[in-house]
Structure formats: C-alpha cells, structure tokens
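Chain by chain, the residues run as shown.
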Amino acid sequence: MKCKKNIVLASASPRRKELLKQAGWEFEVLVSDCEETITEKRPSRIVTQLSDQKAENVWDRLSDEQQADSLVIGADTIVALDGLILGKPRTKERAVEMLQKLSGNANQVFTGVTLLWMDQGKKKTHTFYDMTEVKVAALSVEEIQDYVEKGTCLDKAGAYGIQNEFAPYVTEICGDYSNVVGLPLAALYAQMKSCGLICMNGCAAPSVSVSGKIKGVIFDLDGTLADTLESIAYCGNYAMRACKLPEIAREKYRYFVGNGADTLIRRCLIYSGDEELKLYEKAYARYRIVFQEHCMDQVTVYPGMMETLQTMKANGIRLAVLSNKPHEETQQVVYSLFGKDLFDTVLGNRPGIAKKPSTQGVQEILSGWDLEAEEVMYVGDTATDMMTGNTAGALTVGVLWGFRDREELEKYRAQEIVERPEELLGLI
C-alpha cells in the first residue's frame, strides 16, 4: 500500500505525524502559515474550511515540479459539545472551564481533511471530514485540576488528549479513534483510494472491459451504493427519544427507508403508536438536525462497488446518483465515499422536484447527458427504485445486497437481479 505521490503534510502536529508513520507512509512536513479565517458555523464545515486553507497555503508554496509529484494533506480538528465549539484552551483557566463542560457528557470530535494533487496536468482537490463521538466520565474538581496541571492539554482541541493521561476518563467512543487523535486514518485511506492515489499490486488497471448500448448508469444511494442503515437508524432513534418514544430495532429501518426522510419519520411514528402523527413536526425537525452531522456514521461502500464504478468510468460510462435523501446530505455522503470526480451527476431530494418513484430526477439526468432512456441502466434495491426505472423506460436492475429481498424486486418487475456489483458490468 503506497501513495502514488510524495506526501506533504501541512501540519506540525506530532500526533498527525505519528499517525501517518503508523500507516506506513513516507512524508515530509511543510507547515501552513496562513491566517485562518472562519465564516462557517457548523463544526463539519469549519474543519473543512480550515483544512482547505492550510492545504492551499502549502500548495501555493510548492514549485511546479513539486506540485506535479506531490499530494498535500491539510487537516484541522475541533471538539463540539451541543453545538458549542471548543478550540484549544491556551490557558489553564480556560482548560478547566472546558473540562467542566465535558464532564459527564458526550462530545463530538470533527477532523476536516483536504487533499491537493495534480492529475494529467490539472489540479485536483478533495475535501472530507470525519466525526467521532467521545463520552467523558463525570470528573471531580480534583481530577480536572490534576489533569490540567500536567500541562499536556493547552494545545489540544477541547482541552484533552485521548492518547495521554486523559485516557482513563474516556468511557465510550463511537467512531474512529485515530480521528480523535487528529487524523482519521481509515477515512483518509478510503478517500485516497477512491481518488486513485493508492498503489497496490503494481497498480494494475481493471481487467474487465465493457461495451454495448448502455451509455449511462443511474444508481440509487441507500442500500445500493452504500450501506447507510446504521446512520439512518441512529438518527431515527434519536428523533424517537426526543419524542419520548422507544427506540426501534435497526432491522426495521430496512422497510422504513426508500421514500425520503419525511416518510421515514412518519413510518417510525406510526410503528411506535403515534398513528395520528401528532409528534411529526418535532420528530422530523430533530431528525434533520442530527442527520446533518451523523449522515456518515458507520456508512460503508458495498464490497466490489468501487471497483465496478471505476471500471465503468474507465470505459466511458456516464454515472449518476439519484436519491430521495435530502440533496445536501446526498452530496455529502457521495463525495465523502467516492470523491467528486467519479459521478457525473449527484441529485437528492430538492424543493420543486418530486421524489422517486416520480421520474423527474431521471429525466433531468437524461436531459443533461443528452441520452435516451433506453441507453441508460437504472440500479436500485427497493420497490420504489423498480417503479422509477421501469416508468422511465430504462433497463431496471434490482440488487440483492441492499435493504429488500428478491420477492419485492420481482413483484415490482425488476428486469434483471444481481447478487454482486461486478455482475452489473455484464449487463452493459
């Protein structure tokens, strides 16, 4: 596992350097000296804004020859508690205040990462973030004072370092430990791989070639490209708890998803006994708030999907995502998992555009590509997807690795059913 470029880390953080060493990557350090400017308010956007600034600062200081051979990595980490941003305390008094707030509560650690490199003479930029939730034990005044006096927390976001003397006070972690340290290694590797920056086994090109009348493929997102069930269930149950309703088993969400967030919440409420949907406004509002920050929790790309998409792309097939998930979150999930260059079009639910099974979204994609429906394959995992593809006139394919079963796909007239992503190549 090697990077195709020379890695330049735009940070002096010893923690980030140690993490890169653990990953086995060689790198050099060129510290960003830019004046950081924050205009965003959401934690996830703050860290990505700052990581962009750091990476761009270092990139601009490289020569043309260095830029051609380098991958610049910029990163920034902050801690948030109920929306309150906790930066580096700098003073012991401020550190005590922060730790008092964190005591007995769960905080969220956000790390933004920006990748900059040259590809075929063009500058490429890819930015993503990772979030890990950290639960802290209830701390006594003496424990806080003792930790602060050690002097290791003043330069750390949130006034604590999970890798040092604070470790005994962390009772639970949800997410990537390395993200809390300062650099989400798992996400970084996945993003570098999706951007074509990782070299393995001689960097062999895909061996499968495709040809035929299909010139474009439109994919559903949830249950088709990625397993998002964990994040949806987490946010749905957060909304249920906010309404003082019992949590719902994760597997039930397989049958609640597919028709948008509003329908998901209605199904959850009805299942929980609120058949008149009296709690809908409150539950939906809570869901939307928490989903903005947790839409990537434990989301994974299905095995074989990345390679299949890359093979399609390499053979000139146009690629699109059409989801009933809100548009902003759809783009966030897709770009985080696959980068911004793999898909030609990414569309979620937007005002004025009817949700699937309406074919408005499909028609919008076809118009932008200047293709006819019979030149396109539509791929999904639910009845909603089968209705969408068939009504549009596309080759409609059901997948069995998603949220529904073969019986549902056959009932709603899937023209083809596949068990593995690689099988899609044989249908093109």
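Residues numbered from 1 in each chain as written. Predicted model: local features only at pLDDT ≥ 70, side-chain atom pairs only at ≥ 80, totals over all residues. Heavy atoms only, no water.

Caption draft 1: Focus on unusual backbone geometry. Cis geometry marks the peptide bond from Lys356 to Pro357; its omega dihedral reads 20°. Backbone geometry at Arg90 places phi at a positive 70°, although glycine is not the residue there. Counting through the fold element by element, Arg90 comes out in the loop between β5 (84–86) and α4 (92–102). Judged by relative accessible area, Arg90 falls into the exposed class, the value being 58%. Non-glycine residue Lys244 carries a positive phi angle of around 60°. Since its relative accessible area comes to 77%, Lys244 is described here as exposed. (Helix = DSSP H or I, 4+ residues; strand = E, 2+ residues; numbered from the N terminus. Buried < 20%, exposed > 50% of the residue type's maximum accessible area, 1.4 Å probe, protein only.)

Caption draft 2: Structural view of empty space enclosed by the protein. Taken as a whole, this structure holds two cavities of 30 Å³ or more when the rule is applied. Estimates place the volume of the largest cavity at around 210 Å³. Elements represented by at least two residues in the lining of the largest cavity include exactly α9 (261–271), α10 (280–294), β13 (318–326) and α14 (383–392). Among the elements that line the lining of the largest cavity, the one with the most residues is β13, at four residues. Quantified by volume, the second largest cavity comes out at close to 70 Å³. Lining the second largest cavity are Leu322, Ser323, Asn324, Gly348, Asn349, Arg350, Ile353, Ala354, Lys355, Lys356, Ser358 and Gly361. Counting only elements with at least two residues in the lining of the second largest cavity, the list comes to β13 and β14 (345–349). (1 Å grid on protein atoms, 1.4 Å probe; cavity = no way out; pocket = protein on both sides within 12 Å on 5 of 7 lines; lining within 4 Å. Points joined across faces, edges and corners; volume = space filled by probe spheres on them.)

Caption draft 3: Just the nonpolar core, in detail. Residues Val217, Phe219, Met312 and Phe343 are the most contacted members of the largest nonpolar core, which totals 56 residues. It is helix α8 (residues 229–242) that contributes the most residues to this core, six residues altogether. Excluding its chain neighbours within four sequence positions, the residues that come into contact with Val217 are Met312, Ile317, Arg318, Leu319, Ala320, Trp369, Met377, Val379 and Ile428. Formed by 47 residues, the second largest nonpolar core is a distinct cluster that contains Leu71, Tyr169, Val180 and Met192. (Core = buried A, V, L, I, M, F, W, Y, C linked by side-chain atoms within 4.5 Å. Contact = heavy atoms within 4.5 Å.)

Caption draft 4: Here's a closer look at the environment of Asp76. Note that Asp76 resides in strand β4 (residues 70–81). Looking at Asp76, the relative accessible area reads 7%, which means it is buried. Counting along the chain gives 165 residues from Asp76 to Arg241, while the straight-line C-alpha distance between them is 32 Å. Polar side-chain contacts of Asp76 include one of 2.9 Å to the side chain of Lys54. (Polar contact = N/O pair within 3.5 Å; in protein donor to acceptor, adjacent residues only side chain to side chain.)

Caption draft 5: Layout of the side chain of His294. Mapped onto the elements, His294 comes out in helix α10. Given the relative accessible area of 7%, His294 is considered buried. Setting aside residues up to four positions removed in sequence, His294 forms contacts with Met131, Glu133, Ser231, Tyr234 and Cys235.

Caption draft 6: Representation of the pairing of strand β2 (residues 6–9). Here four bridges tie β2 to β4, and the two strands are oriented parallel to one another. Its bridge partner lying in β4, Ile7 is registered against Leu71. Pairing between β2 and strand β3 (residues 27–29): three bridges, direction parallel. Among the inter-strand pairings, Leu9 is bridged to a residue of β3, identified as Val29. Handedness of the β2-helix α1 (residues 14–22)-β3 crossover: right-handed. (Pairing = 2+ DSSP bridges. Right-handed = clockwise from strand over helix to strand, strands pointing away.)

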